[in-house]
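Listed below, chain by chain, are the residues.
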Amino acid sequence: MIMRLMQLKGRLFFYLIFILFFSTAVSYLHAQHRVVVNFIGIEFVEIQPGKMIVGKYQPTVSRGWGYDPKRKSEFPQILPETDFERAEQLASAASRPGFMVTIDKLFYIGKFEVTQSQWEKVMGVNPSTFNQELLNVDTRNFPVESVSWKAVQEFIKKLNQLDTVNSYRLPSEFEWEYAARAGATDDIAWNEINKVAVIAKSTPSAVGSKVPNAWGLYDMLGNVWEWVEDFYNEQLFADPVPPQKGSQHVLKGAPFYGDVKNATYMTHAGGPGSKYDVGFRLVMFKKNSK
Amino acid sequence: MKRISCWLILCTSVLALNVKAQNREGETGFKSIFNEKNLKGWHLSRTSHQGTTPKVEIEDGAIVMGDQPFGQGGVLLTNKSYSSFELKIEVKLDSFCNSGIFIRSNEGGAAYQIELSKPGNTGALYGERISPSKVMYAKELDKVWKENDWNEFHIKMVGDTPHVTLWVNGVLMWELQQPKNDFIAGATEGMIGLQCHWTAVYSSSASQGMPLDSWRPNAKVRFRNIRIKQLD
């Protein structure tokens, strides 16, 4: 009987240890993606400092179906082998190693793109093209769009006046890409893009309609292009130090009608966009700490 | 005598240019939208998935487009938007070079597209990032096509619900009335765009990219004598 009780105690002890370990792991995971909510209900995810490589270019050379002589093609001609050899040389010459970027401060980034209702709460109007009147559905939770970079600055200025605790700005391009990558060191695979991004559609969707990335952020890719703070350098990728001036600002993330080709962390696009395809998300800091 | 000769040459040249302009104007009321010297009135899309940094040069009065860096294409857009119009444009296309003439394009290159691809369905009406209700094919193209030479495309785009007509080298290829407006947010105007197709993704971790026959190494597409007649 005593032996039996001791066995039971041992088993209970094992269960207790297991539960403690499990709950600690859950709280740790939760702490990694801590979410805070501001005074008008905008959710932000805490992003820990770290490093990433930006602008690494390893262009592919695809033989594709055109090379397979067994497959019936609408195009009977096949590209000569010498072209593939030349392409491999050109791809190799064009490849770039990229450069290391360090994010040295913790920051909070919008869990979602700023919505039409959030914009309206601050600015009193909804400038979006894809509004309830056009789509005949409730679009309050759709990303706000048709907002220029300057209009976004007005929104941020007003939000900063209204909030006494936190301050806001657009993310830098590197902050945005770091948050979008969520630890990914290489580019995102096409089958993953389709899981996380609203692309190949004729309208935007409500924010958060796809699965989040590894750090709990939604719609980093697809839905609407997102303004960032930096000027555009008219190049394929960002420079290690962003330009101090320019005529346009950088857009990241790709739009609802985008393609797997550009709905990646790496795409470095520029304004003005097509008006209805451009929105943004915010970063937040404690007042006087940015 | 030398000075008189110079004046004569100058006057004759100016007169010839005027006659050329009058002929185009007089012919159908078309206006040139490419000055044959630079890209004034045009800009590159900064948001096209084709790429944002293609190589665009002016050679012998023609716009010449190619990929840059390797595998990245792009779309050259007019600064101005057009609603109903007739567009005439001459095209010279290398083989295995997937290009297109975009009509009513947005900044991101979402548009109706007249396909330019040899081998391929040159003269087809496709959509680029939008889905046309109906697509069309230029089934009689081979009868008029001049291989490795300049070919003139004449595109007529009319109405909020698009009515599109294509002639190649003066011969009617097809005429199409769409049942609805297929453009994003019901747009009824947009830019003219010239496409250079991408082949490479940034990394093989994304995918293998487009087959190389979408843009053969060092392939070029050329456009010249681009003129438009607005119909509204």
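Cut-offs applied
- Residues numbered from 1 in each chain as written.
- Chains lettered and ligands numbered in written order.
- Predicted model: local features only at pLDDT ≥ 70, side-chain atom pairs only at ≥ 80, totals over all residues.
- Heavy atoms only, no water.
- Contact = heavy atoms within 4.5 Å.
- Buried area = accessible area lost by both parts, 1.4 Å probe.
- Salt bridge = Lys/Arg side-chain N within 4 Å of Asp/Glu carboxyl O.
- Polar contact = N/O pair within 3.5 Å; in protein donor to acceptor, adjacent residues only side chain to side chain.
- Helix = DSSP H or I, 4+ residues; strand = E, 2+ residues; numbered from the N terminus.
- Nonpolar A, V, L, I, M, F, W, Y, C, P; charged D, E, K, R; others polar.
- Pairing = 2+ DSSP bridges.
- Axes fitted to C-alpha atoms, helices over the stretch in contact; angles between N-to-C directions.
- Phe/Tyr/Trp six-rings, centres within 6.5 Å; stacked < 30°, edge-to-face > 60°.
- Buried < 20%, exposed > 50% of the residue type's maximum accessible area, 1.4 Å probe, protein only.
- Lys NZ or Arg CZ within 6 Å of the ring centre and 35° of its normal.
- 1 Å grid on protein atoms, 1.4 Å probe; cavity = no way out; pocket = protein on both sides within 12 Å on 5 of 7 lines; lining within 4 Å.
- Points joined across faces, edges and corners; volume = space filled by probe spheres on them.

Account for the interface of chain A and chain B, with residues named and values stated.
Each side of the interface is counted separately: chain A has 59 residues, and chain B has 42 residues. Together, the buried faces of chain A and chain B total about 4,100 Å²; carbon and sulfur atoms form 59% of this surface. In terms of surface lost to chain B, no three residues of chain A exceed A:Thr60, A:Tyr257 and A:Lys261, which account for 18% of the buried area on that side. The interface formed by chain A and chain B contains three salt bridges. The interface formed by chain A and chain B includes 25 residue pairs in polar contact (both at pLDDT 80 or more). Of the residues forming the side of chain A that touches chain B, the biggest block, seven residues, is contributed by helix α2 (residues 81–94) of chain A. Within the side of chain A that touches chain B, the residues separate by chemical class into 30 nonpolar, 19 polar and ten charged.

Describe the sheet that holds strand β9 (residues 269–270) of chain A, and please don't skip the residues or the numbers.
Backbone hydrogen bonds are what pair the strands of a sheet, in a parallel or an antiparallel way. Residues and elements named next belong to chain A. Taken in spatial order, the four strands of this open sheet run β9-β8-β7-β10, and their pairing is mixed. Looking at which strands have only one partner, the edges of the open sheet turn out to be β9 and β10 (278–279). Sheet strands in contact with helix α5 (residues 149–162) are β7 (225–231) and β8 (249–252), and its direction is about 85 degrees off that of β7.

How would you summarise the packing of aromatic side chains if you had to cite specific residues and measurements?
Within the structure shown, the criterion is met by 19 aromatic pairs over all chains. Ring plane angle 65 degrees and centroid distance 6.0 Å describe the contact between A:Phe99 and A:Phe174, whose orientation is recorded as edge-to-face. Highlighted residues: A:Phe99 in strand β4 (residues 99–103) and A:Phe174 in helix α6 (residues 173–181), separated in sequence by 75 residues. As far as burial versus exposure is concerned, A:Phe99 and A:Phe174 are alike and both buried. Here A:Tyr178 and A:Trp215 contribute two aromatic rings whose centre-to-centre distance is 5.2 Å and whose plane-to-plane angle is 65 degrees, an arrangement assigned as edge-to-face. Taken as a pair, A:Tyr178 in helix α6 and A:Trp215 in the loop between α7 (190–196) and β7 lie far apart in primary sequence, 37 residues in all. Judged by relative accessible area, which is 17%, A:Trp215 ranks as buried. Stacked on the ring of B:Phe183, the Lys or Arg B:Arg104 has its end atom at 5.9 Å from the ring centre.

With reference to specific residues and values, describe empty space enclosed by the protein.
With the rule as written, the count across this model stands at four cavities of 30 Å³ or more. Forming the boundary of the largest cavity are 15 residues, of which A:Thr267, B:Ser48, B:Gly51, B:Thr52 and B:Tyr202 lie nearest the centre. Residue classes in the lining of the largest cavity are distributed as four nonpolar, nine polar and two charged. A volume near 40 Å³ is recorded for the second largest cavity. What lines the second largest cavity is A:Glu173, A:Asp230, A:Phe231, A:Asn233, A:Ala238, A:Asp239, A:Pro242, A:Pro243, A:Val250 and A:His268. Across the lining of the second largest cavity, the residue classes tally to five nonpolar, two polar and three charged.

Which residues make up unusual backbone geometry, and what values go with them?
Across the junction of A:Gly271 and A:Pro272, the peptide omega takes the value 10 degrees, indicating a cis bond. Within the fold, A:Pro272 resides in the loop between β9 and β10. Of note, the bond from B:Gln68 into B:Pro69 is cis; its omega dihedral lies within 30 degrees of zero at -15 degrees. By the element assignment, B:Pro69 lies in the loop between β4 (62–66) and β5 (74–78). The phi dihedral of B:Phe96 falls on the positive side, at around 55 degrees, and the residue is not glycine. Phi angles above zero are rare outside glycine, and B:Asn148 is one such case at about 50 degrees. Here B:Asn148 is to be found in the loop between α2 (141–144) and β10 (151–158).

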